Amino acid sequence: MEGKITGTPISDTVSTRLQRIAELAREAPERAFLSLAHHIDVEFLREAFRRTRKDGATGVDGQTGKDYEEHLEENLQSLLDRFKSGGYKAPPVRRTYVPKGDGKQERPIGIPTFEDKVLQRAVTMVLEAVYEQDFLPCSYGYRPGRSAHTALEDLWQGLMAMGGGWVLELDITAFFDSLDHSRLRHILDQRVRDGVLRRTIDKWLAAGVLEGEELSHPDAGTPQGGVVSPCLANVYLHDALDTWFEKHVKPRLQGRCFMIRFADDAVMVFSEERDARRMQRLGQYGLTLHPTKTRLLHFRSPLAGSDQPRDTGKQSFDFLGFTHHWARSRRGSWVVKRKTASSRFSRALKRASEWFRKVRHQPVAWQHEQLVRKLRGHDNYYGIIGNSESLYRFRYEVRRLWRKWLDRRSDKARMTWERFQRLQARFPLPSPIGRPGSAIA
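Here is a short report on the structure shown in this document. (Residues numbered from 1 in each chain as written. Predicted model: local features only at pLDDT ≥ 70, side-chain atom pairs only at ≥ 80, totals over all residues. Heavy atoms only, no water.)

## Concerning the sheet that holds strand β3 (residues 164-171)
One open sheet holds the four strands; their spatial order is β6-β7-β3-β8, and the pairing between them is antiparallel. Each having just a single partner strand, β6 (257-262) and β8 (295-300) make up the two edges of the open sheet. Here the strands of the sheet are splayed against their neighbours by 20 degrees on average, with no regard to which way each runs. In this structure, β3 lies alongside β8, joined through six bridges in antiparallel fashion. Bridge pairing in β8 places Leu168 opposite Leu296. (Pairing = 2+ DSSP bridges. Helix = DSSP H or I, 4+ residues; strand = E, 2+ residues; numbered from the N terminus. Axes fitted to C-alpha atoms, helices over the stretch in contact; angles between N-to-C directions.)

## A word on the nonpolar core
Counting 74 residues, the largest nonpolar core has Leu127, Leu197, Met268 and Phe270 as its most contacted members. Once you skip the residues sitting within four places of it in the chain, Met268 turns out to touch Trp166, Val167, Leu168, Leu170, Leu241, Trp244, Phe245, Phe258, Met259 and Met279. If you look at the next biggest cluster of nonpolar residues, it comprises 26 residues, including Leu152, Leu159, Leu297 and Phe319. (Core = buried A, V, L, I, M, F, W, Y, C linked by side-chain atoms within 4.5 Å. Buried < 20%, exposed > 50% of the residue type's maximum accessible area, 1.4 Å probe, protein only. Contact = heavy atoms within 4.5 Å.)

## Quick look at the packing of aromatic side chains
Two aromatic rings are characterised by how far apart their centres lie and by the angle between their planes. All chains considered together, the criterion is met by 19 aromatic pairs. Ring geometry for Trp402 versus Phe420: centroids 5.9 Å apart, planes at 90 degrees, classification edge-to-face. Placement of the pair is Trp402 in helix α14 (residues 388-407) and Phe420 in helix α15 (residues 417-426), with a sequence separation of 18 residues. Since its relative accessible area comes to 0%, Trp402 is described here as buried. (Phe/Tyr/Trp six-rings, centres within 6.5 Å; stacked < 30°, edge-to-face > 60°.)

## Some details on the pattern of salt bridges
Under the definition given, this model contains 20 salt bridges. Between Arg17 and Asp41 there is a salt bridge whose closest N-O contact spans 2.5 Å. Of this pair, Arg17 sits in helix α1 (residues 12-27) while Asp41 sits in the loop between α1 and α2 (42-51); the two residues are 24 residues apart in sequence, bridging distant segments of the chain. With a shortest N-O distance of 3.2 Å, Glu369 and Arg373 are connected by a salt bridge. (Salt bridge = Lys/Arg side-chain N within 4 Å of Asp/Glu carboxyl O.)

## Details of the packing of α1 against helix α5 (residues 114-131)
Running from N to C, α1 and α5 point in directions that differ by 35 degrees, and their axes come no closer than 7 Å. In this structure, α1 meets α5 at a crossing whose hand is right-handed. Between α1 and α5, the residues in contact are Val14, Leu18, Ile21, Ala22 and Ala25 and Met125, Val126, Ala129 and Val130, respectively. Class assignment for the residues of the contact of α1 with α5 results in nine nonpolar, no polar and no charged. (Left-handed = near helix turned anticlockwise from the far one by under 90°. Nonpolar A, V, L, I, M, F, W, Y, C, P; charged D, E, K, R; others polar.)

## Some words on the side chain of Thr52
The residue Thr52 is located in the loop between α2 and α3 (65-69) in this model. Owing to a relative accessible area of 6%, Thr52 belongs among the buried residues under this scheme. The residues touching Thr52, leaving out its near neighbours within four places in the chain, are Phe114, Lys117, Val118 and Arg121.

## Quick word on the packing of helix α12 (residues 342-359) against α14
Viewed as axis vectors pointing N to C, α12 and α14 meet at an angle of 25 degrees, and their least axial separation amounts to 10 Å. The pairing of α12 with α14 is recorded here as roughly parallel in orientation. Once α12 is placed against α14, the crossing between them reads as right-handed. Between α12 and α14, the contacting residues are Phe345, Ala348, Leu349, Ala352, Ser353, Phe356 and Arg357 on the first element and Ser390, Arg393, Phe394, Glu397, Val398, Leu401, Trp402 and Trp405 on the second. Residues belonging to the contact of α12 with α14 are distributed by class as follows: 10 nonpolar, two polar and three charged. (Parallel < 35°, antiparallel > 145°, perpendicular 65-115°, else oblique.)

Worth remembering: the numbers are spatial, not functional.
In C-alpha cells, the structure reads:
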C-alpha cells in the first residue's frame, strides 16, 4: 500500500488482508472485485470496534459503546452472522444539527447506532483498501494519512510556485443531501461488485432519517455523521470531479493549473483567465454549485516593487477555515499568508462564550483545566506559519470572556480586572503554539 493506508497498529491478520486487497487493486486498476466480504470476520469486526469512538452520541437505540462492549464477542458474532446472511437491518440515523459557518446556519448531522458504526467502519476499511489505490493526489478529505493541514500546505506551495493566478472556489450545494444514489451505484460497479457489501451499502442509503418523531426516507444523499459517508462521498467525487479535472480538463488548457479538494470543498488555481472561466460543470452528476460561495478571484501576486495588489477589490479567499491573502514576508518579499477566517474566529468565540456561561459556577481549577485543553485543540488546527496574530488575539478575547462570566457568578463577588490578574497568575493560560515541527510567527 506504500503508506497510503495508515493509522494505529492493527493485528497482523487484518493488516495482511487489507494489504492483499490494496495490492490487487493497485496491480489491476480496471478490476472489479466480486468477492470482498469474506475478509470480514469476527477479528476484523473487533478491529473495527477498536477504531470506533466509544464516547460519541448515541443513535436511535440509545446504546453506548460501553454497553456494547459488555457482551462484545457475542455482539460481534451476531453482527457478523446478520451481515453475511443478509439479515442485517440498517437502523435509521438520528438527526441533529450543529452550527455551520458563522453560526447563523445549521448543518444536519446523522448519528447511526453504535453497532451500525462498527459495521460501517469495517466496510469502510475494505473500501479504502481498494479506492486508496485509485484516488488522486488532489483529494485530501477523510483519507488515511491525509489531512486539512496537508491540503493547506500543498495549496500554499502551488500558489507560490505559480505566483498566484485565477482562483476558482467551488462549493457544492448540500452535497451530502443531494448525492445521486443511482449514479453512486454505477460508480461502485466499476470496482466493487461484492453482493454482501453492496447490499449493505444499499441498506444504509435507504435506512432513513429520524428527526424527532418523524421518519423520512430521502431518495438522495448520504447522512453526514455516518462512518461510511465520507468514503462514499470521496468515491463519488473522485469520478465526478477529480478524474474529470485531471484527465479531461487539464490536457486541454493552455496554461498551468491544479486543484485541491477536501470533501465537497475545492479550489482550482489557473495561470490563465480564459482557462478559469471555462470551468462550468457537474450538472450531469446531479450536483449544483453554491451561487454565493462559488466565485472566481484574480489572486495574482502584487507587482514587483509595489505595496499594493494588482487589482482593486477583495484579494483574498477562504479555504478550510483560513483566509489566504498576499502580504510582505520578514525579508520584504510578497508571499501568500494564512490567517484564521473571520467566520471561524467569531464562531469559536461564540462557542467559548456559551461554554463559559454554562460552567461559570464550576470550580475555577476545573474550568482552567478544561480551558487549556480547548485552547490546545484550537492551536493544533490554527497554529500554522503566519497565523500568530490571530492566535494571540483569540487568547486575548478568551481571557475577556472568562473574566466576564466569572464576574457573573454572583452579585457580591465581583471579578475586577485586578482580581482577575491575580487569578491568571495562579491559573495561567498557555501561549499559542504551532503544530509539531512548525512555527507560527
